[in-house]
Structure formats: structure tokens, C-alpha cells
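A structural walkthrough
Spelled out, the chains give:
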Amino acid sequence: MLNFDVVIIGAGAAGLMCAAQAGYRGRSVAVVDMGKKAGRKILISGGGRCNFTNEGATPQNYLCANPHFVKSCLSRYTQHDFIELVDRHGLAYHHKTLGQLFCDNSAQDIVDILLTECDWAGVEVFLRNEVIKVERTDTGGYIVTTSEQVFSCQSLVVAAGGLTMPKLGATPIGYKIAEQFGLKVLPTMAALVPFTLHDHDKARFDGLAGVSLPCTAQSEDGTSFKENLLFTHRGLSGPAILQISSFWRAGQGVMVNLLPETDMQAQLHDWRQEQGSKSLKNLLSTVLPKRFVEVLISEQTVPDKNANQLSHSEIDTLAHALHHWHIKPNGTEGYRTAEVTLGGVDTDELSSKTFEAKKAPGLYFIGEVTDVTGWLGGYNFQYAWSCGWACGQAC
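Note that the coordinates shown come from a computational prediction; the quantities given were computed from them, not determined experimentally. Each residue is numbered by its place in its chain's sequence as written, counting from 1. The model is predicted, so local features are restricted to residues of pLDDT at least 70 and side-chain atom pairs to those at 80 or more, both for listing and for counting; the totals for chains, interfaces and linings are taken over all residues. Values shown for side chains rest on all heavy atoms present in the structure; no hydrogens or waters enter the calculation.

**Concerning the overall build of the protein**
Secondary structure follows DSSP: runs of H or I at least 4 residues long count as helices, runs of E at least 2 residues long count as strands, and numbering of each begins at the N terminus. Within the protein, the regular secondary structure consists of 13 helices and 21 strands. For the protein, the spread of C-alpha atoms along the three principal axes comes to 85 × 40 × 35 Å. Any two residues whose heavy atoms approach within 4.5 Å are treated as being in contact. By sequence separation, contacts in the protein at least 24 residues apart represent 73% of the contacts at least 6 residues apart. As displayed, the protein has an accessible area near 16,600 Å², and 48% of this comes from carbon and sulfur atoms. Here Asp and Glu are counted as negative and Lys and Arg as positive; His is not counted, and neither are the chain ends. Charge placement uses NZ in Lys and CZ in Arg. For Asp and Glu, CG and CD serve respectively. Separation between the mean location of the 33 positive side-chain charges and that of the 40 negative ones in the protein comes to 3 Å. All accessible-area figures derive from a Shrake-Rupley calculation using a 1.4 Å probe, and residue coverage is judged against the displayed protein chains alone.

The following block contains the structure:
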């Protein structure tokens, strides 16, 4: 049996951050992970460039049954603290829209920084170790049995992730450990995920795969995001759709403003007066993708007319249709392509300062396994750094 002060299940963003922090406090730390590499999800994130934080991260950018839960860790270890860390390591990175920061070279650079920190802190990382069972000892510690080793520890940190990307080895082990020790686990679902469409809608949009347009997408609860929409072979994707998927529920529709920057009522009146002899198809193709306009005409959302043939009521109807385009998804692509898991270990079961389970002293839950889901754009990584840091000060 290998004895450590702290054992962390999961060599992902939160787990590695926590490990380094605990190690720097003089704790002996082991990280166990079933994978061949540490940080597997980090490596494929952001198209391999890793959107590692967001300069504008606030508690308002997170979904959680208890919206106050994330305030403590986000305020104690901020995005600026993590930026300072990567600056110290000489990471080359760049700014994108909406506060997003990406590696210039590769997501491997972030994993290397975390592993370097762990090495400096004396952390031992055990890969290819699948957790078989977890037990509580009579003295209040924990025993973790893996496929390769048996570990004992005073503090056990579960940073096992969610159910997203099963090809990377995602399993429900974190939720099972929580339930084993009497913690409530809220229902989970795929989030930040593309939508699939009903067959009749797939037929409507056949041939549009790869077409993208800026829009504002709105869920039925009124939440909206102004980013790009992308047609795929299976349905709809793009940042606006991924964002809204976290707020969508089965059976609901999504409202899309196809031209959020344009007052289409005024634009149509202008076209009628100044370019009346031109077809609506050609005029709309100056502000929307031509192939999409052809679909709107084929299904008679857009009249197949010249601009000067439009009546006032037709202008009103068309402007409303373009600003309130309604689509009802069939579902999502599920955990296979989702970026995060919505739901998880109920945060009411945890200390917001230390992430320790209230019912099981010495047991901690951090990262995606908890019921905290950030928006698209580096927010989930920032939660991982913040909660990993906070837990590492206590475990």
C-alpha cells in the first residue's frame, strides 16, 4: 500500500491544479488517472489551442443550482492569477473575441505548465490507474484501490470529470463515489453541445452544411447569446448554439434573430424605394448567406418577388420572420461531442470555501464532477483553476 496525505482522482485541469497547491503546502500528493496521458481533455480543447481562461470571468457566467456557490473560489483565485502563472512560465498566448485567451502554439503548453508545477511541488502522478473502489478507514482516512495499486490517504479529492467525450475515458466514477458517501447528485445532461434536427428540418437544410452566419439565439427562458450559428450535416452548431444548449430542454424551441445588427423593417422599406427593381433574393443575399436565402424562398418565408412588389404588411411579416426565426431541435449530439456536463454533485453538499463534503470529512469534489457549468469561452477552465486552487489550500 502506498501512503500519501492526499490522493486526487483525475489528472485533468482541476486535479492537477489542486495537486500542485497541496504539494506546495508540504502535503505528500498522488494523482491517479486511468488515461495514458495527463490532461487529455485540455489537449483537445479549443481546437488543440486551449481557451485556458476568460478575462471577463464572473460568477454570472456559470450555471449552478446555487448561483452563489462559485463566488468564493472565483474571487480568491481569479483569471488574472492564472494569467500571472502562465506568464511566469513564458506561455505564448493571444486574445480572441469576448475575452478569450488561447495558446499560440499548443494546448500541450498548458499541460506542461501544470505538470511542471506538480513536479516542483513533489507530486507523484500515476497514469493507467483505473479506480476500482474507494473505502473509508476506521481512523477517518480513505483507501483507494486502482487496477495497479492500493493507496491510503487522509484527504481524497475527486476530480474525475463528467460524462463528456467518452472516447477520452469519461466515466461516472465521480458521481458513484459521491452517492456512496451519501451526497446528492443532480441529474446530468450534455451541455455546450450541437443540436440535432428532426428529419423534416434536416431535409429543409440539406446542402447548408458549413454555412455560418452571425445571429442572436434565445432559449425559451429568455437567455440569449449573440455569436455565430453554423449549419452541420446533422443539425446546428456554432458558438451561439453551443451556448444556448446549456439552457435548452427537450421539446423546447429556439428563437434566432438572423440579422441582429439590422432593422429589417427599415432596410426593406429602403430597398423598396431605392432598389425596387432588384429581387429580394439578391438583396437579402447581401446580408445573409445566399444558400440560406434560397432555402427561405423555397419554403416561402421570403416572397419570390422584387423589392418594389412588397406591400407594407408583407414587409412587416418578413421583418418579423427574419428577426424571430424559430427552430425546434430534435435533441443534441450528446456526450460524444459535448464540451461539458451539466449537473453533477450538488454544491449544497460541499463547502464553497474548501470543496469538502459536509457529510464526509476529508472527501472533496472539484471540477466538472460538481454542479457548476460555465459558458463557452474559457469559463470552465477558469472554474477548474479556481476550485482546484481553493481545494489545494485545504485538503
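**Quick word on helix α12 (residues 312–323)**
Multiplying 1.5 Å by the helix residue count minus one yields the expected span of that helix. With 12 residues, α12 ought to run about 16 Å at 1.5 Å a step, and its terminal C-alpha atoms sit 17 Å apart, in line with that. Restricting attention to buried positions, one finds in α12 the residues Ile315, Leu318, Ala319, Leu322 and His323. Seen end-on, α12 carries its buried residues on one side only, within an arc spanning 125°. In this structure, the buried residues of α12 make contact with β16 (254–257), α9 (264–274), α10 (280–284), α11 (290–298) and β17 (325–327). Each residue is assigned to one of three classes by its accessible area relative to the maximum for its type, calculated with a 1.4 Å probe on protein chains only: buried under 20%, partly exposed between the two thresholds, exposed over 50%. The directions from the helix axis to the C-beta atoms are what the arc is built from.

**Quick notes on the packing of aromatic side chains**
Two aromatic rings are characterised by how far apart their centres lie and by the angle between their planes. Any two rings among Phe, Tyr and Trp, with Trp reduced to its six-membered ring, count as a pair given centres within 6.5 Å; such a pair is stacked if its planes are under 30 degrees apart, edge-to-face if over 60, and tilted if neither. Counted by the stated rule, this structure contains 22 aromatic pairs. Judged by centre distance (6.2 Å) and plane angle (40°), the rings of Phe4 and Phe151 are tilted. Here Phe151 lies in strand β10 (residues 150–158) and Phe4 lies in strand β1 (residues 2–9), a separation of 147 residues in the sequence. Aromatic side chains Phe52 and Tyr93 sit 5.5 Å apart centroid to centroid with 85° between the ring planes, which places their arrangement in the edge-to-face category. Of this pair, Phe52 sits in strand β3 (residues 51–54) while Tyr93 sits in strand β5 (residues 93–95), and the two are 41 residues apart along the sequence. Grouping aromatic residues by their ring pairs yields a cluster made of Tyr62, Phe69, Phe225, Phe247, Phe355, Trp375, Tyr379 and Tyr383. Charges are assigned to positions over rings by a cutoff of 6 Å between ring centre and Lys NZ or Arg CZ, combined with an angular limit of 35 degrees from the ring normal. Over the ring of Phe102 we find Lys96; its NZ or CZ atom is 4.5 Å from the centre of that ring.

**Considerations on the pairing of β1**
Bridge count for β1 against β10 is 7 bridges, and the pairing is parallel. Across the sheet, residue Phe4 finds its bridge partner in β10, namely Cys153. Strands qualify as paired when DSSP identifies two bridges or more between them. Across 4 bridges, β1 lies against strand β2 (residues 29–32) in parallel orientation. Residue pairing in the sheet places Val6 in a bridge with Val29 of β2.

**Section: the sheet that holds strand β13 (residues 212–218)**
Across the sheet, which stays open at both edges, the 7 strands sit in the order β17-β16-β13-β14-β15-β12-β18 with antiparallel pairing between neighbours. Two strands bound the open sheet, and with one partner strand each, they are β17 and β18 (331–332). Summarising the sheet, β16 and β17 pair through 3 bridges and their orientation is antiparallel. Along β17, the bridge assignment pairs Val254 with Ile327. Lying over the sheet, α12 contacts β16 and β17, oriented at roughly 115° with respect to β16. Geometry is summarised by axes, namely lines fitted to C-alpha atoms with helices restricted to the contacting stretch, and by angles between N-to-C directions that run from 0 to 180 degrees.

**Quick word on the nonpolar core**
Ranked by internal contacts, the top residues of the largest apolar core, which has 82 residues, are Ile110, Leu363 and Phe365. Excluding its chain neighbours within four sequence positions, the residues that come into contact with Leu363 are Tyr142, Leu156, Val158, Ile177, Phe181, Phe355, Glu356 and Ala357. For our purposes a nonpolar core is just a set of buried Ala, Val, Leu, Ile, Met, Phe, Trp, Tyr and Cys residues, chained together by side-chain atoms within 4.5 Å. Core analysis: the second largest hydrophobic core is formed by 49 residues, Trp248, Leu280, Leu284 and Leu288 among them.

**Notes on the side chain of Thr196**
Along the chain, Thr196 falls in strand β12 (residues 195–196). Each residue touching Thr196, except ones within four places of it in the same chain, is listed here: Arg234, Gly235, Pro329, Asn330, Gly331, Thr332 and Glu333.

**As for the sheet that holds β3**
Read from one edge to the other, the open sheet built from 3 strands follows the order β3-β6-β5, with strand pairing classed as antiparallel. The open sheet is flanked by β3 and β5, the only strands paired with a single partner. Sheet twist, expressed as the average angle between the axes of neighbouring strands with direction ignored, equals 25°. Here β3 pairs with strand β6 (residues 100–103) via 3 bridges, running antiparallel. The residue bridging Asn54 from the neighbouring strand is Gln100, located in β6. Along the sheet, helix α4 (residues 79–88) contacts β3, β5 and β6; its crossing angle with β3, the most-contacted strand, is approximately 140°.

**Side note on the packing of α9 against α12**
At a minimum axis distance of 8 Å, the contact between α9 and α12 shows a crossing angle of 135°. It follows that α9 is oblique to α12 by the angle criterion. The handedness of the crossing between α9 and α12 is right-handed. Two secondary-structure elements touch here, α9 through Met264, Gln265, Leu268, His269 and Arg272 and α12 through His312, Ile315, Asp316, Leu318, Ala319, Leu322 and His323. When residues are grouped by polarity, Ala, Val, Leu, Ile, Met, Phe, Trp, Tyr, Cys and Pro land in nonpolar, Asp, Glu, Lys and Arg in charged, and all others, Gly among them, in polar. Tallied by class, the residues present in the contact of α9 with α12 amount to 6 nonpolar, 4 polar and 2 charged. To sort the angles, those under 35 degrees are grouped as roughly parallel, those over 145 as roughly antiparallel, those from 65 to 115 as roughly perpendicular, and the leftovers as oblique. Note: crossing handedness is left-handed where the near helix turns anticlockwise from the far helix by less than a right angle, and right-handed where it turns clockwise.

**A short note on α11**
Regarding α11, the residues found buried are Phe292, Val293, Val295, Leu296 and Ile297. Against the buried residues of α11 lie α7 (199–204), β14 (224–231), α10, α12 and β17. A positive backbone phi angle near 65° is found at Gln300, which sits one or two residues after α11.

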